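One-letter residues, chain by chain:
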Number of protein chains: 2
Amino acid sequence: MSDRIAPDLPVTDAEAAAEVIGAEDTVLVSGFGGVGYPKATLPAFAAQDEDAALTVVSGGGVGREVDDVLIEADKLARRYPFQTQEASREAINSREVAFHDRHISRVGDEVRLGEFGDPDVAIIEAVSVGEDWLVPSTSIGHTPSFVAAADQLIVEINHAQPDELERVHDVFQRDLPPGRDPIPVTGATERVADARVDFDPEKLVAVVETEQADDPYEFRDPNEVDLTIADNLGDFLENEIERNPMLAESVYLQFGVGSLGNALMGELSGIDFGNRDVVYFGEVFQDGLLDALDSGLLSGASATSLALSAEGQERLFDGIDRYAEDVVLRPADVSNNAALIERFGVVGVNSAVDVDLYGNANATHIGGTDVVSGIGGGGDFNRNCRLGIIALPSTAAGGGISRIVPQVPHVDHTEHDHSVIVTEHGVADLRGLSPDERMDALIEVADPAFREDLRAYRDRATAKAGHVPFDAGTAFDWQETGGD
Amino acid sequence: MSDRIAPDLPVTDAEAAAEVIGAEDTVLVSGFGGVGYPKATLPAFAAQDEDAALTVVSGGGVGREVDDVLIEADKLARRYPFQTQEASREAINSREVAFHDRHISRVGDEVRLGEFGDPDVAIIEAVSVGEDWLVPSTSIGHTPSFVAAADQLIVEINHAQPDELERVHDVFQRDLPPGRDPIPVTGATERVADARVDFDPEKLVAVVETEQADDPYEFRDPNEVDLTIADNLGDFLENEIERNPMLAESVYLQFGVGSLGNALMGELSGIDFGNRDVVYFGEVFQDGLLDALDSGLLSGASATSLALSAEGQERLFDGIDRYAEDVVLRPADVSNNAALIERFGVVGVNSAVDVDLYGNANATHIGGTDVVSGIGGGGDFNRNCRLGIIALPSTAAGGGISRIVPQVPHVDHTEHDHSVIVTEHGVADLRGLSPDERMDALIEVADPAFREDLRAYRDRATAKAGHVPFDAGTAFDWQETGGD
C-alpha cells in the first residue's frame, strides 16, 4: 500500500473499478487542459464485452484514455462540454456522439443542478487520498463539484504525478446557490483554502493505482504571424496602460488556451509594463508563462490546470520550491469566476476561428458546422473582463481563407462583450464605435487580399437602412462557398 | 431655498447650468427604466442658439427631456448604451446618431475607464443634495460611477419626487478594479450602505430645481398570448422547483423590462411555490410586482429602478412605510452584478425579438438591422443566472412573422448562455441537448403555421455534415424576404 493512500480504503484494479460503471451511466471525469484526467478505469470499462452508451462530462480537455477508448469501443453516447481529441471531434461532427458546449465556469454548478442528467460516477485522478478527502493531480477543474454531484466515486492515484502538487492547489469549495458565500480571494496568488477536495466517505467505491504520465496538448512553435500579433498586442497594451486607470499600478492578464495563446504568453517579455505588478489570472498555465515567472516579469499566476508540455512539467516540478509560492491552481468555478475576473480588472486575450465585421466572434465551429473543442472558458473571461481582446491571425488555410468575414456563421462572443480585435495587420479598437464605424476598423485589420471583398459587403450592407448595416442575401456568401 | 438643498450650494436656473456644457462634451445622465432622469438642463441646452454635437451616456432608458430635445435640436452625435424613445430610435436607425449597446452591469466601469471617451459633465436627478453627497430619485442606475467619472456635476433637485426615496436606496459604491472589494450583499433585500452617492465637492457646478414628474414607459395590458406564456412558465417552474436543489427553499426571480415581463410579474400569483421564500432580484421594479408584494407571495425585491406607471408610483409612495422595508434600489453595477446573480442562483426570465433553431436569441435588432432599445441588462442576467429562460410570443405582426427562425440575424444571447425557451405553445427545455436535438425541441414551440417551413430548414441543414446542422444558403431566407 502506498503512503499516498490512507489505510482501509477500497484499493482495487481498474477492471474491478470499471464494474461500478453502469451501461448508461453519467460519468464525471477530472481533467482540464489535457492533464489530470483518469487513465485506467475507462480503458478497462471500454475493454469489457458489454454494450454501453455513457454520458461523459469533463471540466475541460482530457486525454485519449477518456475520449478515444470509449469512442473506439462504441460506448460513448453523450459528451459535455469540451473536448480536444481527434476521435471525439470526429464522432461529434458526424453526430455519432451528442455534444453541447457550455461556459466552463458554470459547468460544476450545472452538473450539480442536473443540467446534464443525474450523475452516477465521478472518476478523479489524484496524488493522494484519505478517508474523506483527495488531493487532485495536475488540474483541479470541476473536481470538487463532480465529487459532490456523483453518487459514487472512483479515485485514481497516479504515482507518476509528483506529490508536491499539493503545494500548488488552493481548493475553495462552494456551496450551491443561493446560500453560497462570496469568494474571498483578493489577489491572483492569495490562498484561502487547502489542497484537499472533501467527499462523503460512503461514496468512495474504488481506489485504483496508476503510473502513467499525462498526454498534454502539444503546441506548435510560434510562427511569424504569431509574433507579429504579439507585437501589435504589445504596442496596444503599452499605450493602454498609460491611459487606463485600472492598469495604473498592476495588470492582471489572461490568455486563452492554444498555440497562439502560448506564443503570446511567451512574448510577454517584449512588453514594457513599466514598474507595474504583472500577474496572470487565467484558466491554464502554459509553458509560455515559465519564462515570464523566471525573469521576474510575472509576479504570480492563478489557473485551474498545469497545461504544460512534458518538458514544461519537468521544469516546473524540478523548480517546485520556487514555483509553488507563485503558482496557484484553483477549481474552475474560482479560476474562471465572473466576480474575480471583474474585481481584478483582468485584461483577457482570447482567440477565435473568425470575427465578423460586426465584431462578433466565432470561437468554436469552423464554417459554422464543425466543432473544434468547445467554448471553454473563453466566454467567461471575454464577457466579464473589463478589457476584452480577441487576437487571431487574419487568415487560415495558408492565406486562402479570411478569418475576418462579413458575418460569422456561429456566434460565441457577441459584439457587446469585448473591446478590441488584434491581427497581424493591426489593432481594431472598437470601443465606442457604432456598427458602421466598426466595419471600417475591422476591414483595416483583415488581410489586404480580402479587403476589397469586405468593403464590397460593407457597401452593400450600408446601402440598406438600419442601425446595423446588414445584407442578408450575401452575408453568408463566404460560408456557402466553403460549406457546400 | 429648499430644505432638500444644503446651504451655500450653487443653485441656479437650467439656462445657466446648461452653459456649463461644451458643444462637443460627453454628458452622463442619471435615469434607468424611464425614470429618475434629469428634466431641465438638457432642454435648456437644446434651446441655446449654438451648434453642438454631444455624446450622451445613460445607465438605462430615459425620457424625452434627454433624447428627444437633443435630437430635435440636432445636437446629439453619439448615444450609449440604451435608449427607449421613438426619436432616438429613429435617429440611430437612420445612422444620424452613432450608437452602441453594451451590457448594463459594465457601463459604469466602462465609463470610468474611458470606453466612451472622456466624460465632461454628469447631470443627475436627485431628491436632496449636500456639500459632497446626493440622494438619487426614482432610479439609481450608474449615478455613482457617472459622478465619479465626470469632471463637472450638475444636480437637478426634483421636488415632484418624494423625499422618502432615501428609505428605498442602498448605494454601495465600488472602487475601480483591481482594488475593489467583493460586494457584501448576502440576500435580495439586505442593505449594506446608505442612500447617498458621494462626490468631490469641487465638481459641483450647478444645482437646478425642478418639479416635473417622470414620464415612465407605458406597458400594455397582458393579452391572451402573454397569459398563456405565463401559464407555460408557471407549469415549468412548478416542476423545476421540485427537482432542482437550488430551488429547494427559496427562489430568486428576475424578469426583463417590458410588457411581457410586466405581465409575467403580474401572473406570479398563479404559480404554486409551495412554502418557498420567493424574492425578486432584477434591474427594474415594475407594476406587476406590487400585487405580489401585497399578497405576501413575494417577500422582497431588489432593483435599480422604480420603473412604475404613474399609478404604480402613487401606490408605492402612498404605502412607502410598508414597501420601504421590502424594496431596495441599488446601483446598476450591484443590481445586475454577475457575482450576485450567480451566488443567489437567480432564475432569469428575459424576452427576445426572435430565437433561432440553434437556441441563439436576438434581443435587440428587428430584422438584424433596426435597434429597439439595446441589450440592457438581459445579458447580465441571462448569462450569469443558473437557470436562464427566454420567454417570447411565437409570432409577431399579428401572426404573420415567426419569432422562431432558422437563424437569427443578430445574436445577443448565445446558445451557450440560457437553458429554456418558452412560448405560448410550450416549453423547449434545451438542457443537455445537442444542436440537432435543439432544433426539434424548438420547432415544437413555434407557431404551427411555421413548423413545416422550419422542419424544411432543419432537413436541409441536417442533410449537411457537421456538429451544427447549418445551411448557409437558406439560413437567412426569412430575413431576406423581410429586409428587402
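As recorded in an unreviewed UniProt entry, chain A goes by Succinyl-CoA:acetate CoA-transferase and comes from Halolamina salifodinae. Quoted verbatim from the Sequence similarities (unreviewed entry) field of the UniProt record, the comment on chain A reads "Belongs to the acetyl-CoA hydrolase/transferase family."

**Side note on the overall build of chain A**
For chain A, the helix and strand inventory stands at 17 helices and 25 strands. Taking 2.2 N^0.38 as the reference for a compact globule, 484 residues should give roughly 23 Å; the C-alpha atoms of chain A span a radius of gyration of 23 Å, in line with that estimate. Along the first, second and third principal axes, the C-alpha set of chain A runs to 75 × 55 × 45 Å. Carbon and sulfur atoms form 42% of the exposed surface of chain A, whose accessible area is close to 15,200 Å². Side chains of chain A give 34 positive and 90 negative charges; the mean places of these two sets differ by 6 Å.

**Re the pairing of strand β7 (residues 133-136) of chain B**
Residues and elements named next belong to chain B. Burial along β7 is two-sided: the face carrying Trp133 and Val135 and the face carrying Leu134 and Pro136 are both buried. Summarising the sheet, strand β6 (residues 121-129) and β7 pair through 3 bridges and their orientation is antiparallel. Along β7, the bridge assignment pairs alanine 126 with proline 136. The loop that links β6 with its antiparallel partner β7 comprises 3 residues. Examined bridge by bridge, β7 and strand β9 (residues 197-198) share 2 bridges and lie antiparallel to one another.

**Things to note about the relation of the copies chain A and chain B**
The transformation that overlays chain A on chain B combines an axial shift of 0.0 Å with a rotation of 180°, and the residual RMSD is 0.0 Å. The relationship between the two copies is best expressed as a two-fold rotation axis. In terms of proximity to the rotation axis, the leading residue of chain A is alanine 339 of chain A, whose C-alpha is 2.4 Å off the axis. Looking at the interface residues of chain A, 100% of them are also at the interface in chain B, so both copies use one shared face.

**Comments concerning the packing of aromatic side chains**
Across all of its chains, the model carries 13 aromatic pairs over all chains by this definition. Seen from the ring of tyrosine 37 of chain A, lysine 39 of chain A lies directly overhead, with NZ or CZ sitting 4.2 Å from the centre. Sitting over the face of the ring of tryptophan 133 of chain B, arginine 196 of chain B holds its NZ or CZ atom 3.6 Å from the ring centroid.

**Thoughts on the pattern of salt bridges**
With the rule as written, the count across this model stands at 60 salt bridges over all chains. In this structure, glutamate 110 of chain A engages arginine 102 of chain A in a salt bridge whose closest nitrogen and oxygen atoms are separated by 3.0 Å. Glutamate 110 of chain A gets classed as buried once you look at its relative accessible area, which sits at 1%. Here glutamate 342 of chain B makes a salt bridge to arginine 174 of chain A, at a shortest N to O gap of 2.8 Å. Of this pair, glutamate 342 of chain B sits in helix α13 (residues 338-344) while arginine 174 of chain A sits in the loop between β8 (152-158) and β9 (197-198), each in a different chain. Each member of the pair, glutamate 342 of chain B as well as arginine 174 of chain A, is classed as buried.

**Description of helix α4 (residues 86-93) of chain A**
An α-helix turns once per 3.6 residues; consequently, residues spaced three or four apart project the same way. Residues and elements named next belong to chain A. Inspection of α4 places Ala87, Ser88, Ala91, Ile92 and Asn93 among the buried residues, and these make up the whole buried set. Taken together, the buried residues of α4 touch α3 (67-72), β5 (98-99) and β19 (370-371). Two residues or fewer after α4 comes arginine 95, characterised by a positive phi angle close to 60°.

**Quick look at empty space enclosed by the protein**
Where empty space is left in the structure can be found by rolling a water-sized probe over the atoms. The final tally for this structure, using the stated rule, is 9 cavities of 30 Å³ or more. When its volume is computed, the largest cavity comes out at roughly 240 Å³. Around the largest cavity sit 25 residues that line it, and Asn360, Gln407 and Val411 of chain A together with Pro409 and Val411 of chain B are the ones nearest its centre. Looking at the lining of the largest cavity, its residues break down into 13 nonpolar, 8 polar and 4 charged.

**Comments concerning the interface of chain A and chain B**
Contacts between the two partners involve 89 residues from chain A, matched on the other side by 89 residues from chain B. The junction of chain A with chain B conceals about 7,100 Å² of combined surface from both sides, 47% of it contributed by carbon and sulfur atoms. The three residues of chain A that bury the most area against chain B are Arg95, His416 and His467 of chain A, which together make up 12% of that side's buried surface. Viewed at the interface, chain B and chain A are joined by 10 salt bridges. At the junction of chain A and chain B, the tally comes to 67 residue pairs in polar contact (both at pLDDT 80 or more). A class-by-class count of the residues in the side of chain A that touches chain B yields 31 nonpolar, 30 polar and 28 charged.

**Comments concerning the pairing of strand β2 (residues 26-29) of chain B**
Residue and element names in this part refer to chain B. Alternating positions in β2 separate into two faces, Thr26 and Leu28 on one and Val27 and Val29 on the other, with burial throughout. Here β2 runs beside strand β3 (residues 54-58); their pairing, made up of 4 bridges, is parallel. Bridged to threonine 26 within β3 is threonine 55. Remark: the β2/helix α2 (residues 41-47)/β3 crossover connection has right-handed handedness. Here β2 pairs with β6 via 3 bridges, running parallel.

**Details of the sheet that holds strand β12 (residues 277-281) of chain B**
Paired through backbone hydrogen bonds, the strands of a sheet run either parallel or antiparallel to each other. Residue and element names in this part refer to chain B. Spatially, 8 strands are ordered β14-β13-β12-β11-β15-β20-β24-β25 in an open sheet, and the strand pairing comes out mixed. Of all strands in the sheet, those with a lone pairing partner are β14 (327-329) and β25 (426-429), marking the two edges. Taking each pair of neighbouring strands and ignoring which way they run, the sheet shows an average axis angle of 20°.

**Some details on a negative patch on the surface**
All names here are of chain B. On the surface, Glu19, Asp49, Glu50, Asp51, Asp74, Glu86, Glu90 and Glu96 cluster together to form a negatively charged patch. When you line up the elements, glutamate 96 lands in the loop between α4 (86-93) and β5 (98-99). Here glutamate 96 falls in the exposed class, since its relative accessible area comes to 61%.

**So, the side chain of glutamate 115 of chain B**
You can see glutamate 115 of chain B is positioned in the loop between α5 (104-112) and β6. In this structure the side chain of glutamate 115 of chain B is engaged in a polar contact, spanning 3.3 Å, whose partner is the side chain of serine 419 of chain A. Within polar-contact distance, the side chain of glutamate 115 of chain B engages the side chain of arginine 102 of chain B at 3.4 Å.

**Here's the deal with the environment of proline 162 of chain B**
Residues and elements named next belong to chain B. Looking at where proline 162 falls in the secondary structure, it is placed in the loop between β8 (152-158) and β9. You can call proline 162 buried: its relative accessible area is 16%. Counting along the chain gives 15 residues from proline 162 to proline 177, while the straight-line C-alpha distance between them is 35 Å. When near neighbours in sequence (up to four residues on either side) are disregarded, proline 162 contacts Arg4, Val127 and Phe317.

**Things to note about the environment of alanine 17 of chain B**
All names here are of chain B. For alanine 17, the position within the fold is in helix α1 (residues 14-18). Given a relative accessible area of 0%, alanine 17 falls into the buried group. For the pair alanine 17 and alanine 44, spaced 27 residues apart in the sequence, the C-alpha separation amounts to 8.4 Å. Other than its neighbours up to four places away in sequence, alanine 17 contacts Thr12, Thr41, Ile154, Ala206 and Val208.

**Examining the packing of helix α7 (residues 224-243) of chain B against helix α8 (residues 259-266) of chain B**
Residues and elements named next belong to chain B. Between α7 and α8, whose axes approach to 9 Å, the crossing angle comes to 55°. Relative to α8, the element α7 is oriented oblique. Of the two possible hands of crossing, α7 and α8 adopt the one that is right-handed. Contact residues: Asp226, Ile229, Ala230 and Leu233 in α7; Leu260, Ala263 and Leu264 in α8. Of the residues in the contact of α7 with α8, the class split is 6 nonpolar, no polar and 1 charged.

**Details of the UniProt feature "domain: Acetyl-CoA hydrolase/transferase N-terminal" (unreviewed entry) in chain A**
Sites flagged by UniProt as "domain: Acetyl-CoA hydrolase/transferase N-terminal" (unreviewed entry) map to residues 13-209 of chain A. Counting secondary structure, residues 13-209 of chain A comes out at 21% helix and 22% strand; the distance between its end C-alpha atoms is 7 Å.

**Concerning the side chain of aspartate 25 of chain A**
Residue and element names in this part refer to chain A. Here aspartate 25 is to be found in the loop between α1 (14-18) and β2 (26-29). The charged side chain of aspartate 25 is buried without a salt bridge, its nearest counter-charge being lysine 75 at 12 Å. For aspartate 25, the side chain forms a polar contact with the main-chain nitrogen of glycine 22, separated by 2.7 Å. When neighbours within four sequence positions are excluded, aspartate 25 is seen to be in contact with Val20, Leu54, Thr55, Asp120 and Val121.

Criteria and thresholds
Residues numbered from 1 in each chain as written. Chains lettered and ligands numbered in written order. Predicted model: local features only at pLDDT ≥ 70, side-chain atom pairs only at ≥ 80, totals over all residues. Heavy atoms only, no water. UniProt positions renumbered as here; feature names shortened; annotations may be inferred. Helix = DSSP H or I, 4+ residues; strand = E, 2+ residues; numbered from the N terminus. Rg over C-alpha atoms; globule rule 2.2 N^0.38 Å. Areas by Shrake-Rupley, 256 points an atom, 1.4 Å probe, with all protein chains shown as cover. Lys, Arg positive; Asp, Glu negative; His and termini not counted. Charge placed at Lys NZ, Arg CZ, Asp CG, Glu CD. Buried < 20%, exposed > 50% of the residue type's maximum accessible area, 1.4 Å probe, protein only. Pairing = 2+ DSSP bridges. Least-squares fit on C-alpha atoms with pLDDT ≥ 70 in both. Contact = heavy atoms within 4.5 Å. Phe/Tyr/Trp six-rings, centres within 6.5 Å; stacked < 30°, edge-to-face > 60°. Lys NZ or Arg CZ within 6 Å of the ring centre and 35° of its normal. Salt bridge = Lys/Arg side-chain N within 4 Å of Asp/Glu carboxyl O. 1 Å grid on protein atoms, 1.4 Å probe; cavity = no way out; pocket = protein on both sides within 12 Å on 5 of 7 lines; lining within 4 Å. Points joined across faces, edges and corners; volume = space filled by probe spheres on them. Nonpolar A, V, L, I, M, F, W, Y, C, P; charged D, E, K, R; others polar. Buried area = accessible area lost by both parts, 1.4 Å probe. Polar contact = N/O pair within 3.5 Å; in protein donor to acceptor, adjacent residues only side chain to side chain. Right-handed = clockwise from strand over helix to strand, strands pointing away. Axes fitted to C-alpha atoms, helices over the stretch in contact; angles between N-to-C directions. Patch = residues over 30% accessible without salt bridge, like charges linked within 9 Å, V, L, I, M, F, W, Y side chains within 5 Å. Parallel < 35°, antiparallel > 145°, perpendicular 65-115°, else oblique. Left-handed = near helix turned anticlockwise from the far one by under 90°.

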